[in-house]
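Summary of the model geometry
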Number of protein chains: 2
Amino acid sequence: MTRDATKRRERRVVTSGPRQMPFAKVTNRYPPIALLSADEIESIHHASLRLLSEIGMEVMHDESRALLKAAGASVDESTQRVRFDPAMIKEKIKTVPSSFTLQARDPAKNLKLGDGNLIFAATGGPAFAHDIERGRRAGNYQDMCDYIKVVQRLNVIHQEGGCPCEPTDLPADSRHLDFYLAAIRYTDKNWQCWALGGYRVEDAIEMLSIALGQSREELRRNPATLTIVNSNSPLRLDIPMGEGLCAMARAGQPVAMTPFTLSGAMSPVTIAGALAQQNAEALALITLSQIVAAGAPVMYGGFTSNVDMRTGAPAFGTPEYAKAQIASGQLARRYNIPFRSSNVTASNCVDVQAAYESGMSLWSTIMGGVHLIEHAAGWLEGGLTASFEKLILDAEMLQLMRSFLDPLKIDEDNLAFDAMQEVGPGGHFFGAAHTLARFDQAFYEPMLSDWRNFETWSETGAKTGTERAHLIWKDLLRTYEAPPLDPAKAEALEAYVVKRKEEIHAKS
Amino acid sequence: MTRDATKRRERRVVTSGPRQMPFAKVTNRYPPIALLSADEIESIHHASLRLLSEIGMEVMHDESRALLKAAGASVDESTQRVRFDPAMIKEKIKTVPSSFTLQARDPAKNLKLGDGNLIFAATGGPAFAHDIERGRRAGNYQDMCDYIKVVQRLNVIHQEGGCPCEPTDLPADSRHLDFYLAAIRYTDKNWQCWALGGYRVEDAIEMLSIALGQSREELRRNPATLTIVNSNSPLRLDIPMGEGLCAMARAGQPVAMTPFTLSGAMSPVTIAGALAQQNAEALALITLSQIVAAGAPVMYGGFTSNVDMRTGAPAFGTPEYAKAQIASGQLARRYNIPFRSSNVTASNCVDVQAAYESGMSLWSTIMGGVHLIEHAAGWLEGGLTASFEKLILDAEMLQLMRSFLDPLKIDEDNLAFDAMQEVGPGGHFFGAAHTLARFDQAFYEPMLSDWRNFETWSETGAKTGTERAHLIWKDLLRTYEAPPLDPAKAEALEAYVVKRKEEIHAKS
């Protein structure tokens, strides 16, 4: 980064918009919580190997099935059922890297995934956009761009999460190009691409090659995007996801293998059973990735939650979810594979339920040793909606967690004997020398929380946290400045998008 | 409990009001999170001993000072300063019991404090009452009674927390009697008494003696109330609190010794310093309790938080608070003394901030190994206000945590191989035999969370969690039934209150 660019960023952080923490690497120093014993983890491991060996996965994607067969899996072509020898799985997953680094357009925002690092990604994939002024509406290009801009402004968010809301006002088969261009243009953070079909992966890699001025081989060695591949639970890999998985692995770009195991619907009604199934599906997809390209970076994705058995509605941020995430972290560590989880809620609005379900998610995933929190900010309504106010609420909660992970300093200076001697019984510390030397950096300063007394708060409109969040995202959007992009690259990217849209629409 | 009483309770739980978990003992099986190393804990321990030895505490209560002097402390009568020999502290705290049991009027609701047990107490001490319909008002007798009734109805709350809101419409010097009578009449759970002055403690014990039909000696062996004693931080014990502490210890009733160490105001601006001061004050008060009566039950109270250094306003549920609570748990365990902490927020209304600050509090205190969560439900606005909606919000969050603490079962039946074989790839589990046998008990069922889809939620009024909480507490209050109380005891209690009011008002 040039000196000018550094200065420019510092100025932006300091002088415009609400106060917030700077962009930074986050390290989790706590030993992860263990929910299950080592024996119990082995029971789940063995149950999942038995599932893969005796029941197997239905692999609808021909190339994936052929690759698995060539690697020694037993394949029944009439049912597309693939059964995995446990020994093959154990052998293949040995090549999974325990960590990897993702490039961002601003190299100061490169991300290390794995080890003790903790990455917060914005929400990706919702169909709707929402804010409290305009309500809920179908995802559209304008909201998508605005959301990416606010994500760029929120320093606590490390990564754009794969399109905040589907731009449903654009053609379905080419809107990924509009998203990729917006992601490159409006943020200098790393962003996630779409796995749904091999051509969408290819377009992401081509555009990153232009944006970063790197060859595909350079990108293969230094990945610059990540995607989520969901199995079609139970025990099925469909064609678009199979294509996406193979394309990403061949290109050396990381994939978070994430079974969609909702206990009671797509998985057994017991969390143990759902975890066994999650583990089976994750191991199957990870095995496939290593067959495509040994050493391809992947993540172990945990998404196990449950449905409301009265209505069939999915539930998120529940006690079951919290337990499943902690257990998932234990499973991922058993294989020494970086762990992806999520910040989830089923609430339909940005209310106390959204806050406590997200709180359950964040505490359990972080204390469970997660490396990537997908949907860390903005997810509402079981993932159907990207909310602007939820984005701010979550950013505040992420700041709280990040500050919580900063270690306490216990040394003579901090133990402050002299200050207590100076102040003595019954005094106060506001004016103590020890206080005056530290007061401006002493404590976490919130972006969203209002700590003023009731009278002052009432006089200034008695605004709830959700109402304050509305003002904050608007302020961030208003004061947004696009990170500089070489005009030649911008032009080349635009030309690429035009050309590809012509190709795609000519075909359809 | 008679069979009829059992039946009556079961009927109440099952047939009226919102669905909720049954009253139950809660066990925390997780090993507590350790934030600090053993060496760092020792540094805080030694810093606090040095504080007590070199600076000392100002003890304004004559009897306490005399007792400490007789036990070997160095006392300067001109300044009321008491300096503690570290050896005396180490010796005296040896007699603190590591756990104790509190009697409730319903013996099925007796409470064990310490070991792996987790007790949730309702909020105690606020000056104001609040609900979203009537807004914030001065605490009063009617709100106090209504609040106690809702606390009685909420099964997840183990203990009344020492008066939900001050009945400011009653005379200050006798309103404790009105609270005690209401606590005995409207709930059969254990309740906390007031420590502010010895006569308030004596009245609680006399009234418990009548209510339970037990002598004071029986109550001494089997305590039936608990109170909070705050030091007047920094390093001061005032007269009313000194009186209360001595009266409780003599009567064998437990005290949670809770320094009021707000970092930056009543404590050093560093959390390490605030913890050293907290530890010093807690050890001083605990030492005093054991001098009054060796073996008196006490708790180590952690309340360290920080102020906003821009305004001086207290902040709660912050990252600093979370870290201080986890460290406090480590300190309490160092002395093998049961640990008390709190569920706190500085929010002025029942909004997302209230939810995430309480979430920070609950996760950190519970994962930090707390035994008693004071203000576990209802606390708002830095403790100035008891909110009816916050009571419901917190009860839901407590239910979530309680369910989270239930262990996952990992066995062949739960691993559900047969169910997955029955359903197979691409199917669903709604109708599987394994599901049908378990669906009605499989998952946590919320009281407050709304998991219905957006359309259904919108059609039924698009109510926020706070609005739903309002309906829930009203429903609980409407369907409240007083737990049976022997009419002779009720009469004796009323007569006691009348007599004592006459005595108190004759004096004043």
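- Within an unreviewed UniProt entry, the label attached to chain A reads Methyltransferase, and the organism entered is Dongia rigui.
- What UniProt states about chain A under its Sequence similarities (unreviewed entry) heading is, verbatim, "Belongs to the trimethylamine methyltransferase family."

Regarding the packing of helix 6 (residues 175-186) of chain B against helix 7 (residues 198-212) of chain B
All names here are of chain B.
- Axis separation between helix 6 and helix 7 bottoms out at 10 Å; the angle between their running directions is 30°. Classed by the angle they form, the pair helix 6 and helix 7 counts as roughly parallel. Here the hand of the crossing between helix 6 and helix 7 comes out right-handed. For the pair formed by helix 6 and helix 7, the contact residues are His176, Leu177, Tyr180, Leu181 and Ile184 on the first element and Tyr199, Arg200, Val201, Asp203, Ala204, Met207 and Ala211 on the second.
- Grouping the amino acids of the contact of helix 6 with helix 7 by side-chain chemistry returns nine nonpolar, one polar and two charged.

As for the environment of Asn110 of chain A
Residue and element names in this part refer to chain A.
- Of note, Asn110 is situated in the loop between strand 4 (99-102) and strand 5 (111-114).
- Once the C-alpha coordinates of Asn110 and Val75 are considered, the two residues, 35 residues apart in sequence, prove to be 41 Å apart.
- The contacts of Asn110, once residues within four sequence positions are left out, are Thr101, Leu102, Gln103 and Ala104.
- At 2.7 Å, the side chain of Asn110 and the backbone nitrogen of Ala104 are in polar contact.

Regarding the relation of the copies chain A and chain B
- When chain A is fitted onto chain B, the two copies agree to an RMSD of 0.0 Å after a turn of 180° and an axial shift of 0.0 Å. On this basis, the relationship between the two copies can be described by a two-fold rotation axis. Taking C-alpha positions as the reference, the residue of chain A nearest the rotation axis is Val352 of chain A, at 2.4 Å.
- Taken as a fraction of all interface residues of chain A, those also at the interface in chain B reach 100%, which identifies the copy contact as same-surface.

What about the sheet that holds strand 20 (residues 379-380) of chain B?
All names here are of chain B.
- Taken together, the four strands give an open sheet; going across it, the order is 8-7-21-20, and neighbouring strands pair in mixed fashion. Only two strands of the sheet have a single partner each, and these edge strands are strand 8 (135-138) and strand 20.
- As paired strands, strand 7 (residues 128-131) and strand 8 are joined by four bridges and run antiparallel to one another. What sits directly across from Asp131, in strand 8, is Gly135.

Considering the pairing of strand 18 (residues 339-342) of chain B
Residue and element names in this part refer to chain B.
- Covered by surrounding structure in strand 18 are Phe339 and Ser341 together with Arg340 and Ser342, the residues of both alternating faces.
- By the bridge criterion, two bridges tie strand 15 (residues 298-301) to strand 18 in an arrangement that is parallel. Across the sheet, residue Tyr300 finds its bridge partner in strand 18, namely Phe339.
- With helix 12 (residues 352-367) bridging strand 18 and the parallel strand 19 (residues 372-377), this β-α-β connection has right-handed handedness.

Section: the side chain of Ser263 of chain A
Residue and element names in this part refer to chain A.
- Within the secondary structure, Ser263 is located in strand 14 (residues 262-263).
- With a relative accessible area of 0%, Ser263 lands in the buried category.
- Within the structure, the side chain of Ser263 is placed 2.7 Å from the backbone oxygen of Pro268, a separation counted as a polar contact.
- For Ser263, the side chain forms a polar contact with the main-chain oxygen of Val269, separated by 3.4 Å.

Remarks on the packing of aromatic side chains
- Taken as a whole, this structure holds 30 aromatic pairs over all chains when the rule is applied.
- Of the aromatic side chains, those joined through ring pairs into one cluster are Tyr30, Trp363 and Phe404 of chain A together with Tyr30, Trp363 and Phe404 of chain B.
- Looking at Lys109 of chain A, its charged tip hangs above the ring of Phe23 of chain A, at a distance of 5.7 Å from the centre.

Focus: the nonpolar core
- Judged by nonpolar contacts, the single largest core of 322 residues is most densely connected at Ile392 and Phe404 of chain A together with Ile366, Ile392 and Phe404 of chain B.
- In this view, Ile392 of chain B contacts Val150, Leu154, Met447, Leu448, Ala469, Ile472, Trp473 and Leu476 of chain B; residues no more than four positions away in its chain are not counted.

Topic: the interface of chain A and chain B
- Taken together, the contacts link 113 residues of chain A with 113 residues of chain B.
- For the pairing of chain A and chain B, the buried interface totals around 9,500 Å² over both sides, and the portion due to carbon and sulfur atoms is 71%.
- In this assembly, chain A and chain B are joined by five salt bridges.
- A salt bridge links Glu455 of chain A to Arg136 of chain B, with the shortest nitrogen-to-oxygen separation between them at 3.6 Å.
- Viewed at the interface, chain B and chain A are joined by 30 residue pairs in polar contact (both at pLDDT 80 or more).
- It is helix 12 (residues 352-367) of chain A that provides the largest number of residues to the side of chain A that touches chain B, a total of 10 residues.

Concerning the sheet that holds strand 21 (residues 385-387) of chain A
Residues and elements named next belong to chain A.
- An order of 8-7-21-20 is seen for the four strands of this open sheet, with the pairing classed as mixed. Both outer strands of the open sheet, strand 8 (135-138) and strand 20 (379-380), are each paired with one neighbouring strand and no more.
- Summarising the sheet, strand 7 (residues 128-131) and strand 21 pair through three bridges and their orientation is parallel. Paired with His130 across the bridge in strand 21 is Ser387.

What about the side chain of Asp143 of chain A?
All names here are of chain A.
- Summarising the element assignment, Asp143 is placed in helix 5 (residues 141-153).
- A distance of 2.7 Å separates polar atoms of two side chains, one belonging to Asp143 and the other to Asn140.
- Sequence-distant contacts of Asp143, that is, excluding residues within four places in its chain, are made with Ala129, Arg134, Arg137, Cys165 and Phe388.

Here we look at the pattern of salt bridges
Residues and elements named next belong to chain A.
- Using the criterion set out here, one finds 63 salt bridges over all chains in the structure.
- Of the charged contacts, one joins Arg185 and Glu494 as a salt bridge, the two residues approaching to 2.8 Å between their closest N and O atoms. Linking Arg185 in helix 6 (residues 175-186) with Glu494 in helix 19 (residues 487-507), this pair joins segments that are 309 residues apart in sequence.
- For Glu494, a relative accessible area of 33% translates into the label partly exposed.

Things to note about a negative patch on the surface
All names here are of chain A.
- Together, Asp411, Glu412, Asp418 and Glu422 make up a region of like negative charge exposed at the surface.
- In this structure, Asp418 sits in helix 15 (residues 417-423).
- Overall, the relative accessible area of 59% leaves Asp418 in the exposed class.

A few points about the pairing of strand 6 (residues 119-122) of chain B
All names here are of chain B.
- By the alternation rule, side chains of strand 6 split into Ile119 and Ala121 and Phe120 and Ala122, which are all buried.
- Bridging between strand 6 and strand 19 involves three bridges; their strand directions are parallel. Along strand 19, the bridge assignment pairs Phe120 with Ile373.

Cut-offs and rules
Residues numbered from 1 in each chain as written. Chains lettered and ligands numbered in written order. Predicted model: local features only at pLDDT ≥ 70, side-chain atom pairs only at ≥ 80, totals over all residues. Heavy atoms only, no water. UniProt positions renumbered as here; feature names shortened; annotations may be inferred. Axes fitted to C-alpha atoms, helices over the stretch in contact; angles between N-to-C directions. Helix = DSSP H or I, 4+ residues; strand = E, 2+ residues; numbered from the N terminus. Parallel < 35°, antiparallel > 145°, perpendicular 65-115°, else oblique. Left-handed = near helix turned anticlockwise from the far one by under 90°. Contact = heavy atoms within 4.5 Å. Nonpolar A, V, L, I, M, F, W, Y, C, P; charged D, E, K, R; others polar. Polar contact = N/O pair within 3.5 Å; in protein donor to acceptor, adjacent residues only side chain to side chain. Least-squares fit on C-alpha atoms with pLDDT ≥ 70 in both. Pairing = 2+ DSSP bridges. Buried < 20%, exposed > 50% of the residue type's maximum accessible area, 1.4 Å probe, protein only. Right-handed = clockwise from strand over helix to strand, strands pointing away. Phe/Tyr/Trp six-rings, centres within 6.5 Å; stacked < 30°, edge-to-face > 60°. Lys NZ or Arg CZ within 6 Å of the ring centre and 35° of its normal. Core = buried A, V, L, I, M, F, W, Y, C linked by side-chain atoms within 4.5 Å. Buried area = accessible area lost by both parts, 1.4 Å probe. Salt bridge = Lys/Arg side-chain N within 4 Å of Asp/Glu carboxyl O. Patch = residues over 30% accessible without salt bridge, like charges linked within 9 Å, V, L, I, M, F, W, Y side chains within 5 Å. Areas by Shrake-Rupley, 256 points an atom, 1.4 Å probe, with all protein chains shown as cover. Lys, Arg positive; Asp, Glu negative; His and termini not counted. Charge placed at Lys NZ, Arg CZ, Asp CG, Glu CD.

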